[in-house]
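Reading the structure
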Amino acid sequence: SVANLKGLKQGQLRLAVITTAKYFIPRLLGPFCQLYPGIEISLQVTNHEKILERMVNNMDDLYIMSQVPENLDVICEPFLDNPLVVFAPVNHPLAKERNIPIESLTNEPFIMREPGSGTRRAVQQLFDEHRVKVKVKLELGSNEAIKQAIAGGLGISVLSRHTLMPDSSEFSILDVEHFPIKRTWYMVYPSGKQLSIVAHTYYEYLLEAAKKFVEESGFSAVSKGEDIND
Ligand code: PGA
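Residues numbered from 1 in each chain as written. Predicted model: local features only at pLDDT ≥ 70, side-chain atom pairs only at ≥ 80, totals over all residues. Heavy atoms only, no water.

**A closer look at the overall build of the protein**
- Of the regular secondary structure elements, the protein holds 6 helices and 10 strands.
- The globule rule puts the C-alpha radius of gyration for 230 residues at 17 Å, and the 19 Å found for the protein is close to it.
- For the protein, the C-alpha atoms occupy an extent of roughly 60 × 35 × 30 Å along the three principal directions.
- Across the 230 residues in the protein, those meeting the buried criterion constitute 48%.
- About 11800 Å² of surface is accessible on the protein, with carbon and sulfur atoms providing 50% of the total. (Helix = DSSP H or I, 4+ residues; strand = E, 2+ residues; numbered from the N terminus. Rg over C-alpha atoms; globule rule 2.2 N^0.38 Å. Buried < 20%, exposed > 50% of the residue type's maximum accessible area, 1.4 Å probe, protein only. Areas by Shrake-Rupley, 256 points an atom, 1.4 Å probe, with all protein chains shown as cover.)

**Side note on the nonpolar core**
- Phe-24, Ile-25, Ile-64, Phe-79, Tyr-202 and Leu-206 are the most contacted members of the largest nonpolar core, which totals 40 residues.
- For this core, the elements supplying multiple residues, two or more each, are β1 (11-18), α2 (24-35), α3 (48-56), β3 (62-65), β4 (74-81), β10 (184-190) and α6 (197-216).
- At 10 residues, the largest contribution of residues to this core is made by α6.
- In this structure, Leu-84, Val-86, Val-123 and Leu-126 belong to the second largest nonpolar core, which totals 22 residues. (Core = buried A, V, L, I, M, F, W, Y, C linked by side-chain atoms within 4.5 Å.)

**Here we look at the site of the ligand**
- Every residue near the ligand is listed here: Ile-18, Thr-19, Thr-20, Asn-47, His-48, Ser-66, Asn-82, Arg-113, Ser-117, Gly-118, Thr-119 and Arg-183.
- Thr-19 places a polar side-chain atom, nitrogen or oxygen, 2.6 Å from an oxygen atom of the ligand.
- At 2.4 Å from an oxygen atom of the ligand is found a side-chain nitrogen or oxygen belonging to Ser-66.
- Coverage of the ligand by the protein amounts to 100% of the 280 Å² it exposes when considered alone. (Near = heavy atom within 4 Å. Polar contact = N/O pair within 3.5 Å; in protein donor to acceptor, adjacent residues only side chain to side chain.)

**A short note on the sheet that holds β10**
- With mixed pairing, 5 strands are arranged side by side in an open sheet as β2-β1-β3-β10-β4. Bordering the open sheet on either side are β2 (39-46) and β4, each of which pairs with just one other strand. Direction aside, the axes of adjacent strands within the sheet are offset by 20 degrees on average.
- For β3 and β10, the ladder comprises 3 bridges, and the chain directions are antiparallel. Bridged to Met-65 within β10 is Tyr-186.
- Against the sheet, α2 contacts β1, β2, β3, β4 and β10, and its axis sits at roughly 180 degrees relative to β2. (Pairing = 2+ DSSP bridges. Axes fitted to C-alpha atoms, helices over the stretch in contact; angles between N-to-C directions. Contact = heavy atoms within 4.5 Å.)

**As for unusual backbone geometry**
- The peptide bond linking Phe-179 to Pro-180 adopts the cis configuration, its omega dihedral lying at 0 degrees.
- Mapped onto the secondary structure, Pro-180 falls in the loop between β9 (171-174) and β10.
- Phi is positive for Asn-99, which is not a glycine, with a value near 50 degrees.
- Tracing the sequence through the fold places Asn-99 in the loop between β5 (84-89) and β6 (109-113).
- Under the relative-accessibility criterion, Asn-99 is labelled exposed at 60%.

**Topic: the packing of aromatic side chains**
- The full count for this structure, using the stated rule, is 10 aromatic pairs.
- The interplanar angle of 45 degrees and the centroid separation of 5.5 Å between the aromatic rings of Phe-24 and Trp-185 together place this pair among those described as tilted. Taken as a pair, Phe-24 in helix α2 and Trp-185 in strand β10 lie far apart in primary sequence, 161 residues in all.
- For the ring pair Tyr-189 and Tyr-203, a centre distance of 6.2 Å and an interplane angle of 80 degrees mean the geometry is edge-to-face. Linking Tyr-189 in strand β10 with Tyr-203 in helix α6, this pair joins segments that are 14 residues apart in sequence.
- Assessed through its relative accessible area of 8%, Tyr-203 is described here as buried.
- Through a chain of ring-to-ring contacts, the aromatic side chains of Phe-24, Phe-79, Trp-185 and Phe-213 assemble into a single cluster. (Phe/Tyr/Trp six-rings, centres within 6.5 Å; stacked < 30°, edge-to-face > 60°.)

Here's what the structure looks like:
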């Protein structure tokens, strides 16, 4: 029976995911473990650069990241959009404005992720493109810490829309030109690697779960035809 087949799926699943996925992925692990009680999971949550290091050292079965490495031979599967948006405290003076020019951000104290963060890299790239120089007041190595700093009135920042979900009432998302920055989450693994049955099972499960999430939430599915390396 199907139940017996599921019982046969046993073993370890080692996942490593970028920090923006730290809400989405753990939430889905509950139902996955109920479905496959024989599977044991270890989950590492870290930034883009550290994920790359782990991949080079073959430390995990599957990786989730927003920027596919260009110099490594990998298999990658996009599964959900990861838009980056401008976070401000809920009562920020710009919260009610529309089409805020990107240059306005130079007047605001800015909170930036640490070097090695993919979010930081994407934000810096957009600012460089438009020759915008923000005043970085604070550098923090965690999305969660940045949210606390914003709520505490230290400044504004650019974070993944996915980090907002549990506590949206404390923040507003500013309507700034050229935002959201479009990014996508990918499942990635080295192309020379044969996925274990357990990893393959998770791979299929996550694709299905992401599809459901798109149907049930305001999130758009992955936009087709985008250059995955940009
Ligand atoms: P990071 O992850 O900022 O923690 O590196 C975000 C991403 O690359 O999407």
